[in-house]
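Structural characterization, general
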Amino acid sequence: MPELVEIRLHGRGGQGAWTATNLLAMAALREGKYSQSFPFFGPERGGAPILAFARISDKPIDVHCMVYNPDIVAVLDPTLLGPKVVEGIKDETVMVVNTQDPPSKVREVLGTSRGKLWTVNATRLALEVIGRPITNTAMLGAILKATNVVSLDSLLAVTRERFGGEMGEKNASVIRKAYEEAVPE
Amino acid sequence: MELGVAKQEVMGLTGDEAVAYAVKQVDPDIVAAYPITPQTIIVERFSEYVADGLVNTEFVPVESEHSALSTCVGAAAAGARAFTATASQGLALMWEILYIAASMRLPIVMAVVNRALSAPINIHCDHSDTMGARDSGWIQLYCENSQEAYDTTIQAWRIAEHPDVQLPVMVTLDGFVLSHTLESVRVLPDDVVKRFVGQRRYIRVVGHEYKEVPLVLDPENPLTLGAFGMYTHYFEYKRQQAEAMEKAKRVIEEVGREYGGISGRTYGLIHPYRLEDAEVALIGLGSTMGTAKIVVDRLRQEGMKIGLIRIRSFRPFPREELLKSLSHVKAIGVLDRAMSFGAYGGPLFMEMRSLFYDEESRPLISDYIYGLGGRDMPIKLLEDVARDVKRNADRGRVAEPIRYVGLRE
C-alpha cells in the first residue's frame, strides 16, 4: 500500500457506507495514524447510490478533495456493480465486491481487466449474523483480508465501541466471518 | 503566560464536532442557535453536552438565526460570554444584527460553516455567505482543517475580548469538506483550555456618576449601549471600529503564538508554504489550500518554483504581511470561492490587486473562481491553475485575468 491510502466505498443510502469509513478512520487513529472519513455529500435518501471515502496515512493529511484514484474500492451492494464503481482505478487498486457470482462474471459486469479483485457474499453473512442485509461491517472484514490497511484487532475494537453490547458483538462476528470468507480472484 | 506544550488526546472528530468540543471546553454562559445544514452537528453535539450536564451554559433554542444573534447581543451586552453558529441562509437572516453586534463592540464568537446561498437551493460549500459579510465589522478567521477549527474556536474568545479589539469573531469552516469530515484532532485538557481563555475582561467606563464601572448592562449602574447616534457621533464610532480592526492584527498574532506555546500549533494572519524562493504563488482560503500544498509539492518536484499563502485572517486583511511575503513573486493565482456580481473578479482578487497598487514592482495577478455550490477542487484542476499562473509569469503578462475553473461551458 502507498504512503497515503485512499479508499472509496460504494453503497446505498442506509447501508452504512459512511459508518464503515468512519470505523476505518477510527481504527487507523487507534494505531497512531492520521485519517479522514467523509461521504460524497448528496441529499440523503434511503436506497440512493452513495459514496464514502477514507484516507489513511502515517503523516498528517492535507488533501481535502474527493478520492479520484482509489487504492481500495469496495462495493457494498451487488446491484451497484458496473463500470461506474471502477472509475479511476489503477492496476494496483484492490477491489472488494459483495457478490454471489464468480469473479469472471463480476469482471464482465465491471468491464475492466485492471485491479485486484476480491469477492465475498456479504449479504448472506449479514443476514445470517445480523439478521438484516446491512453489509458495511462485513465488507470491512473483507477489505482487511485483502489489504491489511488497519489491523483486524483495531477494527474489532472500534466496532465494539461504536455499536456496543449485542450489536457490537454481532458486527464483530460478521467482520471475522467476512475476513475468513473473502477470496482473491 | 508560559505553560509548556500540554499532553493532548487524539480524537476522531468532524469539523463541526471539533467546534462543539472546543465550545464545551470554553463553557460559555450562553449558546443561542438554530440548526441549519451543514452547521447542525455543532448545535446537536452542544445540546447533548448541555443535556448531559457537562457545561454550565444556558442553551437557548431560538426560532430563527435573527433571534440567535439577537440573544447573543443581549447576553454579551450584559457581560456574558456568548456563542452561536450558523451557515448560508442562516447568516443571511442574521444580517442586520451582524452590524449591530460589531458596532456595539460585543465579543461574540460565531462559527460559520461555509455554504452556498440560494437560489438554486444548495447545501454545499462555497464562501459566498461569509464573503457577503466581510464589511459587517466582524473579524473573520478561515480554517483549513478540523484541527484548526478546534484551535481557532478556542483562540477566538481571546481575540474578541482583548481590550484593544472588543469585536465579534467569525470562525469559518468549509461546509461538508470540513464540517462532516472526520479527521484526527488533538485536543487540549479542559483545564488548559480554561486557563488559556480565562475570564472575560470588561472595558472600564470612567466618570460614571463619579466612579468607574465595567462596560456591561447592569441595573445597579445603568449604562446606555447602542444608542441613537446622529451625524454628530456616528462617524467617530465607525472610525473607532476601523481602529479596533487594525489593532486586531497584532492580537491575532499574539494569541496565535501563545496558543502555540500550549499546543505546539502556532497560528498567524497568513500561513505561507514553500514560498521563500517562489516565482509563482497560489493564494486562497480554507480547506482547498491543504490540497494546494500537495500541488505545490508535486510541481516543485518538476522544478517549478511555486509556493502558496493561505490567508487565515481575511478581516482584518493582513496587508503588510502579504506585501512582505510576496515581494519576490512574479505571478500570483488568486483562488476565489465566491463571486461579487458585477465586480471585476472575486472578493480576494479585488483585495490582492488593490494591495499592490502603490508598489513599485507589482506581480501579475489572475483570478480563479472555483468550487461554487460545493463543486470539488481536485488536485488535477489546481495543477492546471498553477500552470496557468506559471505561463503568466513566463510571458510577463496576464493572458486572462478572470477564469472560472471546473465549470462546464
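1. Description of the nonpolar core
- Judged by nonpolar contacts, the single largest core of 55 residues is most densely connected at Phe83(B), Ile139(B) and Tyr150(B).
- Of the residues forming this core, the biggest block, eight residues, is contributed by helix H9 (residues 234–263) of chain B.
- Discounting chain neighbours no more than four positions away, the residues touching Ile139(B) are Ile159(B), Val165(B), Leu167(B), Pro168(B), Val169(B), Met170(B), Met245(B), Ala248(B), Ile252(B), Arg315(B) and Pro316(B).
- Core analysis: the second largest hydrophobic core is formed by 41 residues, Ala27(A), Val120(A), Leu144(A) and Ala182(A) among them.

2. Digging into the sheet that holds strand S17 (residues 402–404) of chain B
All names here are of chain B.
- Strand order in this open sheet of six strands is S11-S13-S12-S15-S16-S17, and the pairing throughout is mixed. For this open sheet the edge positions go to strand S11 (270–273) and S17, each flanked by a neighbour on one side alone. Taken over all neighbouring pairs, the strand axes of this sheet differ in orientation by 20° on average, direction set aside.
- Across four bridges, strand S12 (residues 280–284) lies against strand S15 (residues 331–336) in parallel orientation. Within the sheet, the bridge partner assigned to Val-280 lies in S15 and is Ala-331.

3. Considering the packing of helix H7 (residues 146–161) of chain B against H9(B)
Residues and elements named next belong to chain B.
- One can describe the packing of H7 onto H9 by two numbers: an axis separation of 10 Å at closest approach and a directional angle of 130°. With respect to their mutual orientation, H7 and H9 come out oblique. Judged by the sense of rotation from one axis to the other, the crossing of H7 with H9 is right-handed. Residues Tyr-150, Asp-151, Ile-154, Gln-155, Arg-158 and Ile-159 of H7 touch H9, and the partners they reach there are Val-251, Ile-252, Val-255, Gly-256, Glu-258 and Tyr-259.

4. Digging into the interface of chain B and chain A
- The interface is formed by 24 residues belonging to chain B together with 20 residues belonging to chain A.
- Between chain B and chain A the total buried area reaches about 1700 Å² when both faces are included, carbon and sulfur atoms providing 61% of it.
- For the chain B face of the interface with chain A, the top three residues by lost area are Leu182(B), Ser184(B) and Asp376(B), together amounting to 30%.
- The tally of links from chain B across to chain A stands at one salt bridge.
- The salt bridge involving Asp62(A) is made with Lys293(B); its shortest N-O contact spans 3.9 Å.
- At the junction of chain B and chain A, the tally comes to eight residue pairs in polar contact (both at pLDDT 80 or more).
- Broken down by secondary-structure element, the contributors of at least two residues to the side of chain B that touches chain A are strand S1 (9–13), strand S8 (182–187) and helix H10 (288–301) of chain B.
- The residue makeup of the side of chain B that touches chain A, split by class, is 10 nonpolar, nine polar and five charged.
- As paired strands, strand S2 (residues 34–39) of chain A and S8(B) are joined by two bridges and run antiparallel to one another. For Gln36(A), the partnering residue across the bridge sits in S8(B) and is Glu183(B).

5. Topic: the packing of aromatic side chains
- With the rule as written, the count across this model stands at 10 aromatic pairs over all chains.
- Ring geometry for Phe46(B) and Phe59(B): centres 6.5 Å apart, planes at 40°, overall tilted. With Phe46(B) in helix H2 (residues 40–51) and Phe59(B) in strand S3 (residues 58–61), this residue pair connects regions lying 13 residues apart in the sequence.
- Among the aromatic residues, those joined into a ring-pair cluster are Phe46(B), Tyr49(B) and Phe59(B).
- Over the ring of Tyr179(A) we find Lys145(A), and its NZ or CZ is 5.6 Å from the ring centre.

6. Focus: the domain arrangement of chain B
Residues and elements named next belong to chain B.
- Here chain B is described as being made up of domain 1 (9–201 + 243–263) and domain 2 (270–404).
- Here the C-alpha centre of domain 2 lies 27 Å away from the C-alpha centre of domain 1.
- Taken together, the contact pairs 29 residues of domain 1 with 27 residues of domain 2.
- Taken together, the two surfaces of domain 1 and domain 2 that pack against each other cover about 2200 Å², and 52% of this comes from carbon and sulfur.

7. Here's the deal with the pairing of strand S7 (residues 169–174) of chain B
Residues and elements named next belong to chain B.
- Here S7 lies mainly inside the structure; six of its six residues are buried.
- Burial along S7 is two-sided: Val-169, Val-171 and Leu-173 and Met-170, Thr-172 and Asp-174, pointing in opposite directions, are all buried.
- Of the strand pairs in this sheet, strand S5 (residues 109–114) and S7 are connected by six bridges, and their pairing is parallel. Among the inter-strand pairings, Val-109 is bridged to a residue of S7, identified as Val-169.
- Note that strand S6 (residues 139–142) and S7 share four bridges and pair parallel. Its bridge partner lying in S7, Leu-141 is registered against Val-171.
- Regarding the hand of the β-α-β motif, the stretch spanning S6, H7 and S7 is right-handed.

Each value, and the rule that gives it
Residues numbered from 1 in each chain as written. Chains lettered and ligands numbered in written order. Predicted model: local features only at pLDDT ≥ 70, side-chain atom pairs only at ≥ 80, totals over all residues. Heavy atoms only, no water. Core = buried A, V, L, I, M, F, W, Y, C linked by side-chain atoms within 4.5 Å. Buried < 20%, exposed > 50% of the residue type's maximum accessible area, 1.4 Å probe, protein only. Helix = DSSP H or I, 4+ residues; strand = E, 2+ residues; numbered from the N terminus. Contact = heavy atoms within 4.5 Å. Pairing = 2+ DSSP bridges. Axes fitted to C-alpha atoms, helices over the stretch in contact; angles between N-to-C directions. Parallel < 35°, antiparallel > 145°, perpendicular 65-115°, else oblique. Left-handed = near helix turned anticlockwise from the far one by under 90°. Buried area = accessible area lost by both parts, 1.4 Å probe. Salt bridge = Lys/Arg side-chain N within 4 Å of Asp/Glu carboxyl O. Polar contact = N/O pair within 3.5 Å; in protein donor to acceptor, adjacent residues only side chain to side chain. Nonpolar A, V, L, I, M, F, W, Y, C, P; charged D, E, K, R; others polar. Phe/Tyr/Trp six-rings, centres within 6.5 Å; stacked < 30°, edge-to-face > 60°. Lys NZ or Arg CZ within 6 Å of the ring centre and 35° of its normal. Domains from an automatic or database assignment. Right-handed = clockwise from strand over helix to strand, strands pointing away.

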